[in-house]
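Working through the structure, step by step
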Amino acid sequence: MPPVPQAAGDPPAAPLRSAHVLVTGATGFVGGAVVRALLARGHDVTALVRSPERAGALADHGARLLTGDMLQPESYRDAVDHVDAVIHAAQSTPSGRMTATKVRQIQHADHVMTVTLASACAAAGKRLVYTSGYFNYGDRGDDWITTETPFEPSPLGVGHAAEVQALRRDAASGLDLVVVAPGFVYGPGGLFKSAFWDQARRGRLRCIGDGHSYWSCVHIDDLANGYCAALERAPAGGEYNLVDDAPLRLREFVDLVTDAMQSKRVGTIPPAIMGLIIGKPLVQSLVTSCRVANTEAQIG
């Protein structure tokens, strides 16, 4: 069942139908799913891509391709004037071990693109749907997290937390803003495939630490429908955690993966050792406990 964003006490926004939407990060796991969902619901889509050669499938589905780069605002700024709304789903994805320097590079690219899009959307009166994340909240143990929970970000959430706080100020000045914060996205692709499925097939999958921390997950199809609902129906200023109904302990999640693959359950690896392999900032974020409620979005 797709989520239906609705802020408590606020009247529903007028449905936005048959819109022309600019989607950034359109060749990514999330962005690509959002493009396909929008097209299936009758919207027109301009898909911002770095490499048209990788975006043939999007064009086959009916998307218009626009070549651009997060760090080159001139490649996408003017496109805002020719659409009805923008969904910002792009994220820089440096290869290799996640270092503090690479985290800063990710944050800088998102900052450049977010400031550019927010300014253009505010000037043109267009809706901006911004992709945040549940790492904004940091480690909350067994406590439930809602959109009212203050930010105490883990390393990978620092950038998004800062952007959301700045965007809230823009929204107070008139920007038509909706913020969505996906949980860990699972499905046929993305980090789920590379970090879980592929590693399990190679016999390399391990549970980081004791596996006691909560992970709040969301299926890629539910997430894509959530973006569509946020675009179409959310009131301006709405913020939504897009997660499934039941957060899982990391140990449970790993066991579900191996059980579904009919593979032997795997052992653990100390966070410090995993940090040497994939990067300390990434591991520090992955072991934070985020038991997120979908009170507003109602994904189920």
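Everything that follows concerns the structure shown earlier in this document.
Residues numbered from 1 in each chain as written. Predicted model: local features only at pLDDT ≥ 70, side-chain atom pairs only at ≥ 80, totals over all residues. Heavy atoms only, no water.

As for the sheet that holds strand 2 (residues 44–49)
Pairing within the open sheet is parallel, and its seven strands lie in the order 3-2-1-4-5-7-12. For this open sheet the edge positions go to strand 3 (64–67) and strand 12 (239–242), each flanked by a neighbour on one side alone. Between one strand and the next, the sheet's axes are offset by a mean angle of 20°, whatever the strand orientation. Alignment of strand 7 (residues 176–182) against strand 12, held across four bridges, turns out to be parallel. Paired with valine 180 across the bridge in strand 12 is tyrosine 240. (Pairing = 2+ DSSP bridges. Helix = DSSP H or I, 4+ residues; strand = E, 2+ residues; numbered from the N terminus. Axes fitted to C-alpha atoms, helices over the stretch in contact; angles between N-to-C directions.)

Some points on the side chain of threonine 147
Along the chain, threonine 147 turns up in the loop between strand 6 (144–145) and helix 4 (158–172). A distance of 2.8 Å separates polar atoms of two side chains, one belonging to threonine 147 and the other to glutamate 296. If we ignore the near neighbours within four places in the chain, the residues touching threonine 147 are Tyr137, Glu239, Tyr240, Asn241 and Glu296. (Polar contact = N/O pair within 3.5 Å; in protein donor to acceptor, adjacent residues only side chain to side chain. Contact = heavy atoms within 4.5 Å.)

Some points on the pattern of salt bridges
In a structure, side chains of opposite charge can pair up when their charged atoms sit close to one another. Taken as a whole, this structure holds 10 salt bridges when the rule is applied. The partner of glutamate 152 in a salt bridge is arginine 140, and the shortest N-O contact between them spans 3.8 Å. Here glutamate 152, found in the loop between strand 6 and helix 4, pairs with arginine 140, found in the loop between strand 5 (127–131) and strand 6; they are 12 residues apart in sequence, far enough to count as distant. In this structure, the salt-bridge partner of aspartate 255 is arginine 251, at a minimum N-O distance of 2.9 Å. Taken as a pair, aspartate 255 and arginine 251 lie in helix 7 (residues 250–260) at a separation of four residues, close to a single helical turn. Each member of the salt-bridge network shares a partner with another, and the members are Arg251, Asp255, Asp259 and Arg265. (Salt bridge = Lys/Arg side-chain N within 4 Å of Asp/Glu carboxyl O.)

Some remarks on the pairing of strand 7
The buried fraction of strand 7 amounts to six of the seven residues, a majority that puts the element mostly inside the structure. The sheet contact formed by strand 5 and strand 7 spans five bridges and is parallel. Bridged to tyrosine 130 within strand 7 is valine 179. (Buried < 20%, exposed > 50% of the residue type's maximum accessible area, 1.4 Å probe, protein only.)

So, the packing of helix 3 (residues 100–124) against helix 4
Viewed as axis vectors pointing N to C, helix 3 and helix 4 meet at an angle of 15°, and their least axial separation amounts to 10 Å. Considering the angle they form, helix 3 stands roughly parallel to helix 4. The hand of the helix 3/helix 4 crossing is right-handed. Residues Gln107, Asp110, His111, Thr114 and Ala118 of helix 3 pack against Val158, Gly159, His160, Glu163, Leu167 and Asp170 of helix 4. (Parallel < 35°, antiparallel > 145°, perpendicular 65-115°, else oblique. Left-handed = near helix turned anticlockwise from the far one by under 90°.)

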